[in-house]
Amino acid sequence: MALLITDECINCDVCEPECPNEAISPGEEIYVIDPNKCTECVGHYDTPQCVEVCPVDCIPKDPEHVETTDMLMDKYKVLTGQA
């Protein structure tokens with residue numbers, strides 16, 4: 001399941017550089033996560049790095065993009081050219 005950034009985001013800029021897949025970018029008002037690039041850090045880390053560094057806890061799982069760990073690993077392999 002991809003993650004999403006809620007409107008509680010304070011635009012502190014700490015999440016974007018932590019994303020190994022470059023899935024996080026500035027949106028019109030808050031940062032946004034591209035669900036096609038988000039693997040919840042599967043393949044890179046044990047936990048989502050954006051969630052680890054977020055000071056306001058505004059990055060939940062996106063119910064619109066439900067994925068299993070295996071699906072996230074497959075996406076990781078495609079994104080990193082290992083597929």
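The paragraphs below set out a description of the structure included in this document. Being a predicted model, the structure only gives us computed values, none of them experimental. (Residues numbered from 1 in each chain as written. Predicted model: local features only at pLDDT ≥ 70, side-chain atom pairs only at ≥ 80, totals over all residues. Heavy atoms only, no water.)

1. Here we look at the environment of P20
Relative to the helices and strands, P20 resides in the segment before β1 (24-26). For the pair P20 and C50, spaced 30 residues apart in sequence, the C-alpha to C-alpha distance is 9.7 Å. The residues touching P20, leaving out its near neighbours within four places in the chain, are C41, H44 and Y45. (Helix = DSSP H or I, 4+ residues; strand = E, 2+ residues; numbered from the N terminus. Contact = heavy atoms within 4.5 Å.)

2. Things to note about the pattern of salt bridges
Oppositely charged side chains can pair when the atoms bearing their charge come close. For the structure on display, the rule yields two salt bridges. As a salt-bridge pair, K61 and E40 come within 3.1 Å of each other at their nearest N and O atoms. Of this pair, K61 sits in the loop between α1 (49-53) and α2 (69-79) while E40 is found in the loop between β2 (31-33) and α1, placing the two residues 21 residues apart along the sequence. With a relative accessible area of 47%, K61 lands in the partly exposed category. For E40, a relative accessible area of 10% translates into the label buried. In this structure, K75 and E67 form a salt bridge, with 3.1 Å as the shortest nitrogen-oxygen distance. On the basis of relative accessible area, K75 is assigned to the buried category, the value being 13%. (Salt bridge = Lys/Arg side-chain N within 4 Å of Asp/Glu carboxyl O. Buried < 20%, exposed > 50% of the residue type's maximum accessible area, 1.4 Å probe, protein only.)

3. With respect to the environment of C54
Mapped onto the elements, C54 comes out in the loop between α1 and α2. With 10 residues separating them along the chain, C54 and E64 place their C-alpha atoms 21 Å apart.

4. Considering unusual backbone geometry
Unlike most non-glycine residues, E22 shows phi in positive territory, near 55 degrees. Overall, the relative accessible area of 62% leaves E22 in the exposed class. Its identity as a non-glycine residue notwithstanding, D57 has a phi of 55 degrees, on the positive side. As for its position among the elements, D57 is in the loop between α1 and α2. The class of D57 is exposed, set by a relative accessible area of 64%.

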